[in-house]
Amino acid sequence: MSQLFSPLTIKGLQFKNRIAVSPMCQYSSEDGFANDWHLVHLGSRAVGGAGLIITEAAAVSPEGRISPEDLGIWKDEHVEKLRQITSFISAQQCVPGIQLAHAGRKASTNAPWKGRGEVTVANGGWVTVAPSAIRFSDNYPLPEALTIEGIHKVIADFTAAAKRSLAAGFKVIEVHAAHGYLVHQFLSPLSNHRTDEYGGSFENRIRLLLEIIESVKTVWPQELPLFVRISATDWVDGGWNPDESVKLAHILKESGVDLVDVSSGGLSVQQHIPVGPAYQLPFASRIRKETGILTGTVGMITNATQAETILVNGDADMVIMARELLRNPYFPLQAAQELNDKISWPIQYERAKP
C-alpha cells in the first residue's frame, strides 16, 4: 500500500487515506445557509474518494463573513442543512470537517466575481473589526479595534460554532488562523498594534488563538480531532515568520491541537510569494520535524507521485488539496490507480473502474 492511501488515526478517528479537501470559499450562501450547491460540491469529492473534506470557512458570526455570500454557523438554524451534508459525506466513508473562521478586517467585501473590494453598509455590508484600526488595503473597510468585550464575544462565537458543528455531524474542527483573517491579524505585528495583553510580545499576540482553543475544547469531544490552520509566514519583512510558527506549533501541541494545517500569506498586500509546486511544503516539514506535531501541507500539489513523495519523505502527514480537486473531484480514485493501489470505488461507479 502507498503512503497516500494508508489510513491515519488521530485520537478516536480513522481517516481512510491522507487526501484532504482544503477549505475553498464558494460564495454561494444566503444569510449563511448551506444549500444544494454545497451538498453537491462537497458530496462529489466524498464520492471521489477523499479521506477528509473540510468545508469552506464557516463564519462564526455575521460580521465574521468575508462576503455577504459566505457560509455561516452562527445560528442554530444553520445546522439542519449542514447535517444533511455531513450525513452524505460520512456515508461515503469520508470524514466531514468544518473550518471555523472570522474574517476580521477582510470582512464585508464582494465575492471575487463581483469585483472584491468593500461592500458598504448602505449596500448590505457591515462594520468590520480587527485587533487594530488598520485597513487591509485602500479598497477594504476601515475596521474598528476590538474592545476586550469584543474579544470575549469572538471567543464565545467560536465556542458556540463548535457546539453547533458537533450537532451538525462534523468530526473535525479546524480553527482558521491563517490568510490574513482575524486570528492571523492578532498573530502578526503588521496588523496588531495593540498595547494591552493581546498585543506586542509573541505571547500576547498568540493569546487570542490559545483562548479560542481552550474555550472550544470545553464543548468539543476529547476523542475528536482539533486542527488549526496557520500562515507560516507573511512573506513580508517584519511580519509573522517561520520561527514564530515553529514556536507556536510547540505550544499548540501542548494545548491539545492534533494537526497544524500549514499554509502561508494573505495578511499583507506587500507580500511576495514564490509560488511553485508544493511551495509551502518546507514550512510543514520544518514544523513536523522540530515539534513532532502532525502537519498537513497545502499549495500547488497536483499529482499522485508528488503527494506520495511528500509522505514518504516524512514532510507531512496529510496532503490537503484545493484547485486540483476542483478540476477533478475523482482525483483520489485516479491517484490510487497511478500508485497501483486497490481501493474501494462507490458501488454505483464500479463499472468504470479500470
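Per chain, residue numbering runs from 1 following the sequence as it is written. With pLDDT at 70 or above as the cut-off, local features in this predicted model cover only qualifying residues; side-chain atom pairs require 80 or more to be listed or tallied, and sums for whole chains, interfaces and linings still use all residues. The basis for every side-chain value is the complete set of non-hydrogen atoms in the structure, without hydrogens or water.

Asks: Would you mind showing me how to read the packing of helix α1 (residues 36-47) against helix α2 (residues 79-91) here?
Replies: Packed helices, taken two at a time, are described by the angle between their axes plus the distance between the axes. Every angle, taken between N-to-C directions, lies between 0 and 180 degrees, and every axis is a line fitted to C-alpha atoms, over only the stretch in contact when it is a helix. Helix numbering and strand numbering both begin at the N terminus, where a helix is a DSSP run of H or I of at least 4 residues and a strand a DSSP run of E of at least 2. Between α1 and α2, the shortest axis-to-axis distance is 9 Å and the interhelical angle comes to 15°. In terms of orientation, α1 lies roughly parallel with respect to α2. Between α1 and α2 lies a crossing whose hand is right-handed. Listed contacts from α2 to Asp 36, His 38, Leu 39, Leu 42, Gly 43, Ala 46 and Val 47 of α1 are Lys 81, Gln 84, Ile 85, Phe 88 and Ile 89. Nonpolar residues are Ala, Val, Leu, Ile, Met, Phe, Trp, Tyr, Cys and Pro. Charged residues are Asp, Glu, Lys and Arg, and all others, Gly as well, are polar. Residue composition of the contact of α1 with α2, by class: seven nonpolar, three polar and two charged. Convention used here: angles under 35 degrees read as roughly parallel, angles over 145 as roughly antiparallel, angles from 65 to 115 as roughly perpendicular, and any remaining angle as oblique. Left-handed describes a crossing whose near helix is turned anticlockwise from the far helix by less than a right angle; the clockwise case is right-handed. Note on definitions: a residue-residue contact is assigned when non-hydrogen atoms from the two residues lie within 4.5 Å.

Asks: How do you make sense of the sheet that holds strand β8 (residues 172-177) when you look at a structure like this?
Replies: A pair of strands is treated as paired once DSSP finds two or more bridges between them. Taken together, the eight strands give a closed barrel; going around it, the order is β3-β4-β5-β8-β9-β10-β11-β12, and neighbouring strands pair in parallel fashion. Ignoring which end each strand starts from, the neighbouring axes of this sheet average 25° apart. Note that β8 and strand β9 (residues 226-231) share five bridges and pair parallel. Looking at the pairing, Ile 173 lines up with Leu 226 of β9.

Asks: Is there a simple way to think about the environment of Thr 291 in this case?
Replies: With respect to the secondary-structure elements, Thr 291 resides in helix α8 (residues 281-291). C-alpha of Thr 291 to C-alpha of His 250: the two residues are 41 residues apart in sequence and 5.5 Å apart in space. Within the structure, the side chain of Thr 291 is placed 3.2 Å from the backbone nitrogen of Ile 293, a separation counted as a polar contact. Polar contact criterion, stated in full: a pair of N or O atoms within 3.5 Å, where within protein one must be able to donate a hydrogen and the other to accept it, and residues adjacent in sequence count only if both atoms are side-chain atoms.

Asks: Teacher, can you tell me more about the pairing of strand β11 (residues 294-298) here?
Replies: Throughout this description, buried means an accessible area under 20% of the type-specific maximum (1.4 Å probe, protein chains only), exposed means over 50%, and partly exposed covers the range between. With four of five residues buried, β11 is to be regarded as a mostly interior element. Judged from the four bridges that link them, strand β10 (residues 259-263) and β11 form a sheet pairing that is parallel. Paired with Val 260 across the bridge in β11 is Thr 295. Here the term right-handed applies to a crossover when the path leading from its first strand over the helix to its second strand runs clockwise, the strands being oriented away from the viewer. You can see the chain leave β10, run along α8 and come back into β11, and the turn it takes is right-handed. The pairing of β11 with strand β12 (residues 318-321) spans three bridges and is parallel. Within β12, the residue paired with Thr 297 across the bridge is Val 319. Crossover β11 to β12 through helix α9 (residues 304-312) is right-handed.

Asks: Help me understand the packing of aromatic side chains, please; the structure alone is not making it clear to me.
Replies: Between two aromatic rings, the relevant description is the distance of the centres plus the angle of the planes. Two aromatic rings, drawn from Phe, Tyr or Trp (for Trp, its six-membered ring), form a pair once their centres lie within 6.5 Å of each other, and the interplanar angle then sorts them: stacked below 30 degrees, edge-to-face above 60, tilted otherwise. Evaluation of the coordinates by the stated rule reveals six aromatic pairs. A ring pair is formed by Phe 136 and Tyr 140, whose centres lie 4.9 Å apart and whose planes are at 70°; its orientation type is edge-to-face. Owing to a relative accessible area of 14%, Phe 136 belongs among the buried residues under this scheme. Ring plane angle 80° and centroid distance 6.4 Å describe the contact between Phe 186 and Tyr 198, whose orientation is recorded as edge-to-face.

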